[in-house]
Amino acid sequence: LTQNAVLTDTMAQSQLQQDQADTAAVSASHANLHFWQRVAASSIGGVATSLTMTPFDVVKTRMQAQARPKQFGSGNCFLYCNGLMDHLCMCAPETDKSVPWYRKPGAAKFTSPLDALLKIVRHEGPQSLYSGLSATLILAIPSTVIYFTSMDLLKAGLGYRPPNDTAGKAWVPPVAAVSARLVSVMCMSPLELVRTSMQTQRTDWSVVLRSASAEVRAHGLFSLWRGAVPTLLRDVPFSAIYWLTFDSARTARLRSAGADSLSLTEAAGLGGLAGLIAGLATLPFDVVKTHKQMELGVRAAAEASAANAAGNSSVWKAMRDLVKRGGLAALFTGVTPRLLKVVPASAIMVGSFECLKNYFAKMNATAGGTLL
């Protein structure tokens, strides 16, 4: 009887350990996450990234506008980055009642980024560091949620469950990332085109939608995605390189440490490293994308039709023109500003996203939750 009791107790302990190991494996691979938890993780990560990165871009824009006011006059355009997306912004005319945020007169001339930051906060309040953010988040947050949620579901659906179930599946993260990026860009590009057109024509949704409808009838449905090509040429390879690097490094780190999940600092560090590598590798495409966006803005202002302006010259022609004017070095201009945006934004976004998924997965494991 005593031997049976000991045997039963041993078997029970063995089963308990196995159950705990299975629970830990499911939690580590995020296989037990609900759909809404992936959406919440990407949304919170997106907001955290924007709140951190936007003040730097606002300071940069204010300094540029103060140094070169004619470039920010009515009819011109500039790029606004909230840490998640680059948005083309058309310069609005100044009136007696309102002055656009980027042309607000400073209390004194800005002498450095830190000086500009302190003077803006002191004289205008900290809210001025987030000028223009709300309008861009309307597109940036949905785009981020579509991208990260789709990619995560695709990786899970293709059986990629780090750190253990990854053998022979190194191809899964880049394929899932590229697929998710295509979905995100194809969903959001027409809306970005409409937003730019609304800024240019100073009109409401109904007029712009009628204009878009006429464009589709005249040139076909794909005319709504003419401006997406430069974005795809940069973001598709960036996504593939980024997630191949990040997931490979994450798996190696977890195996070497014998851990189930990354800490916040580890996730942020690997996210920043992957951003550095992918940012350097895709820099020429980012330069071309920036030139194409600015070309779109200038022509949209001149022609009052962003849809017609989007396809006036090919990406490859723009690349050839850049090389002709400045040599191959022209495709690698702005490397420092690019990396100063990409590396910290990647660290914050991916660090937040991964750690929130870890939290939700452990919560579900404790509560016995399953994937929905």
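How each quantity is defined
Residues numbered from 1 in each chain as written. Predicted model: local features only at pLDDT ≥ 70, side-chain atom pairs only at ≥ 80, totals over all residues. Heavy atoms only, no water. UniProt positions renumbered as here; feature names shortened; annotations may be inferred. Helix = DSSP H or I, 4+ residues; strand = E, 2+ residues; numbered from the N terminus. Buried < 20%, exposed > 50% of the residue type's maximum accessible area, 1.4 Å probe, protein only. Polar contact = N/O pair within 3.5 Å; in protein donor to acceptor, adjacent residues only side chain to side chain. Contact = heavy atoms within 4.5 Å. Expected span 1.5 Å × (residues − 1).

Under an unreviewed UniProt entry, the name given to the chain is Solute carrier family 25 member 40, and the source organism is Macrostomum lignano. On record in UniProt, under Sequence similarities (unreviewed entry), the comment for the chain is "Belongs to the mitochondrial carrier (TC 2.A.29) family."

Undergrad: Break down the UniProt feature "transmembrane region" (unreviewed entry) in the chain for me, citing the residues and quoting the values.
TA: As recorded in UniProt, the feature "transmembrane region" (unreviewed entry) lies at residues 129-150. The distance separating the terminal C-alpha atoms of residues 129-150 is 32 Å; by composition the span is 82% helix and 0% strand.

Undergrad: Could you give an account of the side chain of Asn364, naming the residues involved and the relevant values?
TA: With respect to the helices, strands and loops of the structure, Asn364 is situated in helix H12 (residues 335-367). Looking at Asn364, the relative accessible area reads 5%, which means it is buried. A distance of 2.9 Å separates a polar side-chain atom of Asn364 from the backbone oxygen of Asn32.

Undergrad: So what about the environment of Gly351? Which residues, and what values?
TA: Relative to the helices and strands, Gly351 resides in helix H12. The class of Gly351 is buried, set by a relative accessible area of 0%. Not counting residues up to four positions away in its chain, the partners in contact with Gly351 are Leu264, Ala267, Ala268 and Ser346.

Undergrad: Please set out helix H3 (residues 113-124) residue by residue, giving values where relevant.
TA: Look at H3: 16 Å from first C-alpha to last across twelve residues, which is about the 16 Å you get at 1.5 Å a residue. On its buried side, H3 packs onto helix H2 (35-67). Following H3 by one or two positions, Gly125 adopts a phi angle in the positive range, close to 95 degrees.

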